[in-house]
Amino acid sequence: CASLVAERIRTQCPWLLSDGAVATLLLGAILLDTANLSPADKPQKLREAALAAELLPPCAAHLGLPEDGGTQLLFDELMQAKSDAKALLAFTPHNLLRQDYKSEALTSVASHGGKDVQLGVSSIVLALPKLLSAQPRFADAMREYATLKRVDLLLLMCFDLEAKQRQLLIYAGEHDLLESAIGVLQEGGLELRQLQSEAVPQSSTLRAFHQGNARASRKVLLPLLRKMAAK
């Protein structure tokens, strides 16, 4: 998304890309989305690398960073802030769910009576067991958030940066829809194993998993969920 925004700015008001604050916001988002332009972690496009090279000089001047190695320094600082568990746990459940949230519609899903499914996916850099222990009402808040956003299926992707592990919390308004979502994710190789912990709630509409395939990010998960539209 940040790349699209930067390209639109370049077309309509290119002088803004020379503004240090604007460049910093855009570059930071691009680096986070591409794991600091690391092909080993995420497939890269030439436009992300080109935009990062264009945005680095004004960003470096704004933050007092060296241009040589500046992107790594900025990325490291952003990741440290993004994974600060103490700071994240100070947020309300609503704010945790909305800080990195994407939604879309899945058409004609059989497990939802052939109706469209409104899908929402949130992502945070925090271990799910730690989150649920610190915020015991988080599961209830997740249901409330789904109602607020009018989504039928809501997933929270959690990444434990220290342990390099992922967990997944899945809520659906209907049991059949929940089972269908779990099924396509298992078929897609996420290697889900149910989390066993007193702090982790499990019900007919809410399930929590350890994700064995830790490399499967939201860019992998979303195409798998879209397969429900064909079932």
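Structural notes, computed from the coordinates. Owing to the predicted nature of the structure, the values given are computational and were not obtained by experimental measurement. (Residues numbered from 1 in each chain as written. Predicted model: local features only at pLDDT ≥ 70, side-chain atom pairs only at ≥ 80, totals over all residues. Heavy atoms only, no water.)

## Some points on the pairing of strand 1 (residues 101–109)
Direction of pairing for strand 1 relative to strand 2 (residues 115–124): antiparallel, over a ladder of seven bridges. In the sheet register, Val109 faces strand 2, and the bridge partner there is Lys115. Hairpin connection between strand 1 and strand 2: a loop of five residues separates the two successive antiparallel strands, and Gly113 in this loop has a positive phi of roughly 70°. (Pairing = 2+ DSSP bridges. Helix = DSSP H or I, 4+ residues; strand = E, 2+ residues; numbered from the N terminus.)

## Re helix 10 (residues 218–226)
Within the sequence span of helix 10, burial applies to Arg218, Leu221, Leu222, Leu224 and Leu225. The buried side chains of helix 10 occupy one side of the element, clustering within an arc of 165° when seen end-on. Those residues of helix 10 that are buried lie in contact with strand 1, strand 2, strand 3 (153–160), strand 4 (165–172) and helix 9 (175–187). (Buried < 20%, exposed > 50% of the residue type's maximum accessible area, 1.4 Å probe, protein only. Arc of directions from axis to C-beta. Contact = heavy atoms within 4.5 Å.)

## Section: the pattern of salt bridges
Side-chain pairs of opposite charge can arise where the charged atoms are in close proximity. Overall, the coordinates contain ten salt bridges when judged by the stated rule. Put simply, Asp140 and Arg137 hold a salt bridge, and the shortest N to O gap is 4.0 Å. Bridged by salt links that share partners, the residues Arg137, Asp140, Arg143 and Glu144 form one connected network. (Salt bridge = Lys/Arg side-chain N within 4 Å of Asp/Glu carboxyl O.)

## Quick look at the packing of helix 9 against helix 10
Two elements in contact, helix 9 and helix 10, have axes separated by 9 Å at closest approach and are oriented at 120°. Relative to helix 10, the element helix 9 lies oblique. You can see that helix 9 and helix 10 cross each other, and the crossing is right-handed. Together, Ala181, Val184 and Leu185 of helix 9 and Leu221, Leu224 and Leu225 of helix 10 make up the contact between the two elements. Looking at the contact of helix 9 with helix 10 residue by residue, the class counts come to six nonpolar, no polar and no charged. (Axes fitted to C-alpha atoms, helices over the stretch in contact; angles between N-to-C directions. Parallel < 35°, antiparallel > 145°, perpendicular 65-115°, else oblique. Left-handed = near helix turned anticlockwise from the far one by under 90°. Nonpolar A, V, L, I, M, F, W, Y, C, P; charged D, E, K, R; others polar.)

## A few points about the packing of aromatic side chains
Pairs of aromatic rings are described using the distance from one ring centre to the other and the angle between the two planes. For the coordinates displayed, the defined rule picks out one aromatic pair. Between Tyr101 and Tyr145 the ring centres are 5.6 Å apart and the planes differ by 90°, which places this aromatic pair in the edge-to-face class. Residue Tyr101 is located in strand 1, and its partner Tyr145 is located in helix 8 (residues 138–149); the two are separated by 44 residues in the primary sequence. (Phe/Tyr/Trp six-rings, centres within 6.5 Å; stacked < 30°, edge-to-face > 60°.)

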